[in-house]
Amino acid sequence: MRTLNPLRLMLACTCALLTASVASCVDHSAPESEYGCESAETVSFTSQINPIIQSNCAIVGDGGCHNGGNGPSLDWRVFENFQSHALHVKDRITRPANAAGHMPKIGAITDDQIRLIVCWVEQGAQDN
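Overview of the structure. The model shown is predicted, which means the values in this text are computed figures rather than measured ones. Sequence order as written defines residue numbering, which begins from 1 separately in each chain. The predicted origin of the model limits local features to residues at a pLDDT of at least 70 and limits the giving and counting of side-chain atom pairs to 80 or more, whereas totals for whole chains, interfaces and linings rest on all residues. Hydrogens and water molecules were not included; the side-chain quantities draw on all heavy atoms of the structure.

Some thoughts on the packing of aromatic side chains
Stacked, tilted and edge-to-face are the three classes assigned to paired rings of Phe, Tyr and Trp, where Trp is represented by its six-membered ring and a pair needs centres within 6.5 Å; plane angles under 30 degrees give stacked, over 60 edge-to-face, the rest tilted. Going through the model one piece at a time under the given rule, you end up with six aromatic pairs. Seen from their ring centres, Phe45 and Trp120 are 5.4 Å apart, and the 40° between their planes marks the pair as tilted. Of this pair, Phe45 sits in helix H2 (residues 45–56) while Trp120 is found in helix H5 (residues 111–122), placing the two residues 75 residues apart along the sequence. Exposure is judged per residue with a 1.4 Å probe applied to protein chains only, and the accessible area is read against the type maximum: over 50% gives exposed, under 20% gives buried, and values in between give partly exposed. With a relative accessible area of 6%, Phe45 lands in the buried category. Secondary structure counts use DSSP, requiring at least four H or I residues in a row for a helix and at least two E residues in a row for a strand, with both numbered from the N terminus.

Section: the state of the cysteines
Cysteine sulfurs are considered disulfide-paired once they come within 2.5 Å of each other. In the structure shown here, the tally under the stated rule is one disulfide. What pairs with Cys37 in a disulfide is Cys119, and their sulfur atoms sit 2.1 Å apart. The S-S bond linking Cys37 to Cys119 shows a torsion near -85°; that makes this disulfide left-handed. Separated by 82 residues along the polypeptide, Cys37 in the loop between helix H1 (6–25) and H2 and Cys119 in helix H5 bring together distant segments of the chain. For the pair shown, Cys37 and Cys119 are each scored as buried.

A few points about unusual backbone geometry
Here the bond from Met103 into Pro104 is cis, since omega is -5°, no more than 30 degrees from zero. Looking at the element boundaries, Pro104 is found in the loop between helix H4 (86–93) and H5. The phi dihedral of Ala125 is positive, around 50°, even though this residue is not glycine. With respect to the secondary-structure elements, Ala125 resides in the segment after H5.

Some points on the nonpolar core
Joining through side-chain atoms within 4.5 Å is the link that ties buried Ala, Val, Leu, Ile, Met, Phe, Trp, Tyr and Cys residues into a set, and such a set is a nonpolar core. In this structure, Phe45, Ile49, Ile53, Phe82, Ile93, Ile117 and Trp120 are the most contacted members of the largest nonpolar core, which totals 23 residues. The set of elements that each furnish at least two residues to this core consists of H2, helix H3 (79–84), H4 and H5. By residue number, the principal contributor to this core is H5, which donates six residues. With residues near it in sequence (within four places) discarded, Phe82 still touches Phe45, Ile49, Ile53, Trp76, Val89 and Trp120. Residues are treated as being in contact if the distance between any of their heavy atoms lies within 4.5 Å.

A short note on the packing of H2 against H5
Helix axes are fitted to C-alpha atoms over the stretch in contact, other axes to C-alpha atoms as well, and angles between N-to-C directions run from 0 to 180 degrees. It is at 10 Å that the axes of H2 and H5 come closest, and there the two elements cross at 125°. Between H2 and H5, the angle is such that the two are oblique. Here H2 and H5 pass one another in a crossing that is left-handed. Between H2 and H5, the contacting residues are Phe45, Gln48, Ile49, Ile52 and Asn56 on the first element and Gln113, Leu116, Ile117 and Trp120 on the second. Split into classes, the residues belonging to the contact of H2 with H5 amount to six nonpolar, three polar and no charged. Here is the rule for angles: anything less than 35 degrees is roughly parallel, anything more than 145 is roughly antiparallel, 65 through 115 is roughly perpendicular, and the remaining ranges are oblique. For a crossing to be left-handed, the near helix must be turned anticlockwise from the far one by less than a right angle; the clockwise case is right-handed. Three categories are distinguished: nonpolar for Ala, Val, Leu, Ile, Met, Phe, Trp, Tyr, Cys and Pro, charged for Asp, Glu, Lys and Arg, and polar for the others, with Gly belonging to the last.

Quick word on the pattern of salt bridges
Here, a salt bridge means any side-chain nitrogen of Lys or Arg that lies within 4 Å of a carboxyl oxygen of Asp or Glu. Summed over all chains, the structure comprises three salt bridges. Asp75 serves as the salt-bridge partner of Arg77, at 2.9 Å between the closest nitrogen and oxygen. On the basis of relative accessibility, which here comes to 43%, the residue Arg77 falls in the partly exposed class. Exposure remark for Asp75: the relative accessible area of 11% places this residue in the buried category. Between Asp91 and Arg95 there is a salt bridge whose closest N-O contact spans 2.6 Å.

Put into structure tokens, the structure is as follows:
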């Protein structure tokens, strides 16, 4: 008859208990988005998102990063360019203001504007 090593037995029990306790801590009812996009009305690119881009991102002159001056693919006056970067934009605008890569670099957008962009992205970044 084979005897179990007491240390291995204790380790196996500890792992089993840890696994069970971690699994029970997951809240499967929590919303997917902290921005409440699941219940949000459809966000319109034309009337809600584009004005934010035009006044904060694709501005011409000093500090306009996404007005074509940094290359044609970063010209966010063109819908397809902005749409193709939608997930990247969501990541950048939701970073803390002092974090590396936070956008916009110049000025600020409001929490409501951030929510609109995040929800538009989560709703599929439609040309609507």
